[in-house]
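These are the residues of each chain, in order.
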Amino acid sequence: QVQLEESGGGVVQAGGSLKLSCAASEATLSVNHMSWFRQAPEKEREWIASINWIDGGRYYHPSVQGRFAISRDNAEGTMYLQMNDLKPDDTAVYYCAAAKYYTGSYRRLHSYDYWGKGTQVTVSS
C-alpha cells in the first residue's frame, strides 16, 4: 500500500510563493500519473495539476496555469508543486494523489488510488 505525505504548506502574503512536496512511501512508483487537488472551506475538492509519471507530461487547471508548476523526482518518488503569485483564492488544503491507470480524465477524484492527508495553504491579502 503506497502512502503519500504532503509538506510545505503555510501562510504567505498575496503575491508570494510556496513549494509543496508529496513524498511516496515507495521510491519506485507503479503509477500512471500523480496530481494535486485542493479543497477550500465549504467547496468541493478540485483538480489543479497532473504529471504523467511515464513521459513527464504536465497538465494544469486554467486558474493556476502560468503561476503553478508541477514537477517530479522519479528516483525519489516525490512530486512537487511550485506556487507563485499566490492569491487569497488559492487558500485551501492541498492534497496529492496517485493513479495506477489513466481512465480518460485527470480530474476524476474516484480514479485515484492513493491520497495524502493534505497540507494547509493560507494566502493573506
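Remember, it's a predicted structure, so these values are computed and weren't measured experimentally. (Residues numbered from 1 in each chain as written. Predicted model: local features only at pLDDT ≥ 70, side-chain atom pairs only at ≥ 80, totals over all residues. Heavy atoms only, no water.)

### Regarding the packing of aromatic side chains
Scanning all chains against the criterion turns up five aromatic pairs. A centroid spacing of 5.0 Å and a plane angle of 50° characterise the contact between Phe37 and Trp115, whose relative ring orientation is tilted. Of this pair, Phe37 sits in strand β4 (residues 33–39) while Trp115 sits in strand β10 (residues 114–115), and the two are 78 residues apart along the sequence. Using a relative accessible area of 0% as the deciding quantity, one classes Phe37 as buried. A centroid spacing of 4.8 Å and a plane angle of 25° characterise the contact between Tyr59 and Tyr106, whose relative ring orientation is stacked. Taken together, the positions of Tyr59 in strand β6 (residues 58–60) and Tyr106 in the loop between β9 (92–99) and β10 put the pair 47 residues apart, joining distant regions of the chain. Among the aromatic side chains, those forming a connected cluster through ring pairs are Phe37, Tyr112 and Trp115. The residue whose ring lies beneath Lys19 is Tyr80, and the NZ or CZ to ring-centre distance is 4.7 Å. (Phe/Tyr/Trp six-rings, centres within 6.5 Å; stacked < 30°, edge-to-face > 60°. Helix = DSSP H or I, 4+ residues; strand = E, 2+ residues; numbered from the N terminus. Buried < 20%, exposed > 50% of the residue type's maximum accessible area, 1.4 Å probe, protein only. Lys NZ or Arg CZ within 6 Å of the ring centre and 35° of its normal.)

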